[in-house]
Structures are given as structure tokens and as C-alpha cells.
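# Notes for the structure review
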Amino acid sequence: METAILKNNSEIIDTIISNSPEETIEFGRKFAESLASGTVVALVGEMGSGKTTFVNGVCEGLKIEGSVSSPTFTLINEYYGVLPVYHFDFYRIADAADASEMGCEDYFYGDGVCLIEWPENVESIIPQKKIEVRFKNYFEQGFDTKRKIQIIRK
Ligand SMILES: Nc1ncnc2c1ncn2[C@@H]1O[C@H](COP(=O)(O)OP(=O)(O)OP(=O)(O)O)[C@@H](O)[C@H]1O
Ligand SMILES: [Mg+2]
């Protein structure tokens, strides 16, 4: 466990290296244990860095039955387990106003757990208080299945 205070008062809670999708799922499963009702989780990382894979683990940890797929075209998937889970993918959204019109803030400030891919695309409406999960790949270094995953409390 690594804890460090960053400049803007956010705090690195954990950093891990994953070497396979299975390890990322397992990390997501463990991370789910720390989730409380109303938590917003921003998943930040390039395409294919493992955000949806991690969400699969989180959903397993929250005892959600059935398969979890990426809401690339539907924008939001809702699941009900130990807590309600709202999984967003804003890759294709035009801007924050569009997300706002769809009522996304009701979810962000509601009682479920929000797991948000591509939060950068709707940054102005994402709550300041959130957990950020950062994914880094090592494709350029020649490692196809290595990822760094950091949990940051904001
Ligand atoms: N260590 C790892 N952790 C997670 N995924 C991995 C890992 N190694 C390889 N992969 C592969 O990388 C891909 C990750 O895809 P995933 O859909 O989770 O990414 P994503 O960040 O959600 O991408 P997008 O931005 O397109 O939604 C999968 O094909 C997975 O099998
Ligand atoms: Mg994804």
C-alpha cells in the first residue's frame, strides 16, 4: 500500500502493476470493498488501457449477476447488486451539456456508485469529490499486458 499526498490535496491511495486482465479484474474486485453509496469513480486512461475490464471486477465485487459490457453506444448501463451501479462511457459524447441534458448529474449526486469512463469529455459536470482510477499501459515499452493502476482520492 502506497500513500502520498499530492500538491492539490488529492491523495494516492494505492498503486499496483497488473500483468493480465485477470489481475485487473481481481484489483477491481478488491477495490469494490471500499465503495460506499454515492461514490463517483472517474476511470482515466487511453483506449484499451483496462477501464472496462476493471469495471467487470468492481461489478463482481458488488455481486452483480451476469455480464457487464461497455455502454459505448448506450452511454449508461445500470446494474443492481450490493449497491446500484451506473456505468458511463463518454467517449462519444459531444460535450458536457449533452450529458447534462440527459440527466447525468442526478446519477452523479445520487445514491448509487458511478463508474465513469472518459470523464475528461464531460469534466465540467463531474463532481470534484471523487475517486480517480488512472490506467497506464506500456505498449511503447513493448509490454502488451502490463498496466499501472493508481487509485487517487480527490
Ligand atoms: N493487465 C491488463 N489489464 C486489463 N486489460 C488488459 C491487460 N492486459 C491486456 N488487457 C487487454 O486490454 C484490453 C482492455 O480493454 P478495456 O475494454 O478494458 O479497455 P478500456 O480502457 O475500457 O478501453 P476504451 O477506452 O476503448 O473503453 C482487453 O482486450 C484486455 O484483454
Ligand atoms: Mg471501456
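Anything mentioned here points back to the structure above.
Residues numbered from 1 in each chain as written. Chains lettered and ligands numbered in written order. Predicted model: local features only at pLDDT ≥ 70, side-chain atom pairs only at ≥ 80, totals over all residues.

### Considering the overall build of the protein chain
This is how the line gets drawn: Strands here mean DSSP runs of E at least two residues long; helices mean DSSP runs of H or I at least four residues long; both are numbered from the N terminus. What the globule rule says is 2.2 Å times the number of residues to the power 0.38, and the radius of gyration is computed from C-alpha atoms. Counting other C-beta atoms within 10 Å of each residue's C-beta, where C-beta atoms are placed from the backbone, gives the exposure class: buried for 20 or more, exposed for 12 or fewer, partly exposed between. Two residues form a contact once the distance between their C-beta atoms, set from the backbone, is within 7 Å.
Across its full length, the protein chain carries 4 helices and 8 strands. Taking 154 residues into account, the globule formula puts the C-alpha radius of gyration at 15 Å, and the protein chain, at 15 Å, falls close to it. Seen through its principal axes, the protein chain has C-alpha atoms that stretch 40 × 40 × 30 Å. When burial is assessed residue by residue, the protein chain has 33% of its 154 residues classed as buried. Counted over contacts in the protein chain with a minimum sequence separation of 6, partners at least 24 positions apart contribute 64%.

### Looking at helix 2 (residues 51-61)
With 9 of 11 residues buried, helix 2 lies mostly within the body of the structure. Those residues of helix 2 that fall on the buried side of the exposure criterion are K51, T53, F54, V55, N56, G57, V58, C59 and G61. Next to the buried residues of helix 2 lie helix 1 (21-32), strand 3 (40-44), strand 4 (76-80), strand 5 (84-89), strand 6 (113-117) and strand 7 (131-138). The positive-phi residue at the C-terminal boundary of helix 2 is K63, with phi of around 60°.

### Description of the pairing of strand 3
The line we're drawing: Here, a strand pair is defined by DSSP locating no fewer than two bridges between the strands.
Across the 5 residues of strand 3, 4 count as buried, placing the element largely inside the fold. Relative to strand 6, strand 3 runs parallel, the two sharing 4 bridges. Note that in strand 6 the partner of A42 across the bridge is I116. The sheet contact formed by strand 3 and strand 7 spans 4 bridges and is parallel. The partner of V41 across the bridge, within strand 7, is I131.

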